[in-house]
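Commentary on secondary and tertiary structure
Residue-level listing of the chains:
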Amino acid sequence: MTKIFSTQKQPENGTKYAAGVIRSGGLVAFPTETVYGLGANGLDGEAVKRIFEAKGRPQDNPLILHVARKNDVRELWTSVPERAKLLMDAFWPGPLTLIFNKSSAVPDEVTCGLDTVAVRMSENKTALCLIRAAGVPIAAPSANLSGKPSPTTAQHVIDDLWGKADVILDGGPCRFGVESTVLLLTGVPTILRPGAVTKEMIEAVIGETRLSKSILQPLGEGERAASPGMKYKHYAPEAEVIIAEGDAKTAAGIIRREYDGMTQSGKRCIILTSEENYTFYKGRHYDIIGSRRDERTLCAALFSKLREYSDTVDVIFTEAVPPDGYGLAYMNRLLRAAGFRTVSE
C-alpha cells in the first residue's frame, strides 16, 4: 500500500521514512520545483529497473540523477569541467540538469547504456531533505505513466502511480510546471531540453550555447535519446492536441474554423487560450491557460490543463507562441503532446 506524507508545511515530514524506502530498493514520488519525480537509489541498478517497470518507460530513455550537494557530481562524473562549476555556482540548486561523462559508479540502468549521465540539484526543500537523508543520489524521471502529461501535484501522481510507488511526498503544486533545462557539456554546450533556465541565461555564464534540433522537431531516424523528453510523442493526454500556428489573431481564426468543423461532426472540443485571446472564442468552450506576455504562466499550467481535459473532451486546441525564452520550453512540451500536429493557414 502506498503511504502519503504531506510536506507542504514541514518539508522534512516523512523524508526519514522515505529515505529508508530508497535505501531498501523501493520507489518514492517527491516534489521538485519543476514536476514530481519518481525516485529510486541511483547507484542500485535493480532499484532503477523498478522505475521503468512502474512507469512503463521505454528502456532507451535515460534518467536524471538528483543530488543534494554540488560536490556529489565528483562521484558520478569522470571529472568536473570548469564550465560545469560555473553553471552550478550560477544555477544550483535550481532547474538545470547537466550531462557529462559518467563514472563507473553509475549503473547502466540509469543511462540506458550511454557513456554520459545527467545530474541536477533541485531547489525544493522536500527533495533536498529526502536526498540528504537517503545518502545516495536518487534517479528520478517524472512520476507519471510513460507518455502522459507530467505530474505537477501529488494528486496527479496518485492518479497514475497509486500502488506502484511505495511513498508519495505531497509538497503541493510545483512552481515551474515543466521539467528542468537539460544541457549537454561534452563538446559545444548544447541544450537538449529547454526549461526555466534559458539559453540566454546560460550564455551569460559560459558563452556560446547551441540548441538541439530535436527541441522543436522529432528525433531523426536511428537517433538515440540522450536526455529525457526527446521522444516523438510525450506529455500527451488521451484527447487529441492540435496547435494553431501564426500570430495571435491568425491562430484564433484557425482554431475557430477547426473547432466549428469538429463540433459539427460531433466531437467534444476545448480551446486552451491565452488571456490576450479569449475574446476571440466567445460562444465556444474555452479555458484560459496563461498569458502570451509571460510564458512562465503557460508553462506552469500546461500539464495540469492537459490532464484536466484528457478524457473529458476529444480535441484540445492550443495556440502556438514564439519559441524563445520561456516560450521555447512551452512549445517543446506542447509539440510533443500534440505529436507535432500543427495547423496553419
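All values reported here derive from a predicted model rather than from experimental measurement.

Brief notes about the packing of aromatic side chains
Applying the stated criterion across every chain, the model contains five aromatic pairs. Seen in terms of ring centroids, F5 and Y17 are 5.6 Å apart; in terms of plane orientation they differ by 45 degrees. Their pairing is tilted. Residue F5 is found in strand β1 (residues 3-6), and its partner Y17 is found in helix α1 (residues 15-23); the two are separated by twelve residues along the sequence. Arranged with centres 6.3 Å apart and planes meeting at 50 degrees, the rings of Y259 and F317 form a pair that is tilted. Placement of Y259 in helix α9 (residues 248-264) and of F317 in strand β15 (residues 315-319) is noted, with a sequence separation of 58 residues between them. This pair shows no difference in class: Y259 is buried, exactly as F317 is.

Side note on helix α11 (residues 326-337)
The first and last C-alpha atoms of α11 sit 17 Å apart over twelve residues, in line with the 16 Å expected at 1.5 Å per residue. Counting buried residues in α11 gives eleven out of twelve residues, a clear majority hidden from the surface. All of the buried residues in α11 are G327, L328, A329, Y330, M331, N332, R333, L334, L335, R336 and A337. Looking one or two residues beyond α11, the residue adopting positive phi is G339, at roughly 60 degrees.

Some remarks on the environment of A19
Position of A19 relative to the elements: it lies in helix α1. Along the chain, A19 and I138 lie 119 residues apart, while their C-alpha atoms are 9.9 Å from each other.

Some details on the nonpolar core
Residues L38, W77, L87, W92, L96, L98 and L183 are the most contacted members of the largest nonpolar core, which totals 48 residues. Within the residue set of this core, elements represented by two or more residues are β3 (37-41), α2 (45-55), α3 (73-76), α4 (82-91), β5 (96-101), β6 (116-120), α7 (154-161) and α8 (199-206). With five residues, the single largest contributor to this core is α2. When residues no more than four places from it in sequence are discounted, the contact partners of W77 are A84, L98, F100, N101, K102, S103, V117 and V119.

Topic: the sheet that holds β3
Read from one edge to the other, the open sheet built from eleven strands follows the order β1-β8-β2-β3-β7-β4-β6-β5-β9-β10-β11, with strand pairing classed as mixed. Two strands lie at the open edges of the sheet, namely β1 and β11 (210-211), each paired on one side alone. Summarising the sheet, β5 and β6 pair through five bridges and their orientation is antiparallel. Residue pairing across strands places I99 opposite A118, the latter belonging to β6. Contacts from α1 reach β1, β2 (28-30), β3, β7 (138-139) and β8 (167-170), with the element oriented near 145 degrees to β8. Packed on one face of the sheet, α8 meets β5, β9 (181-184), β10 (190-193) and β11 and runs near 40 degrees to β9.

Conventions we followed
Residues numbered from 1 in each chain as written. Predicted model: local features only at pLDDT ≥ 70, side-chain atom pairs only at ≥ 80, totals over all residues. Heavy atoms only, no water. Phe/Tyr/Trp six-rings, centres within 6.5 Å; stacked < 30°, edge-to-face > 60°. Helix = DSSP H or I, 4+ residues; strand = E, 2+ residues; numbered from the N terminus. Buried < 20%, exposed > 50% of the residue type's maximum accessible area, 1.4 Å probe, protein only. Expected span 1.5 Å × (residues − 1). Core = buried A, V, L, I, M, F, W, Y, C linked by side-chain atoms within 4.5 Å. Contact = heavy atoms within 4.5 Å. Pairing = 2+ DSSP bridges. Axes fitted to C-alpha atoms, helices over the stretch in contact; angles between N-to-C directions.

No statement about biological role is implied by the geometric values presented.
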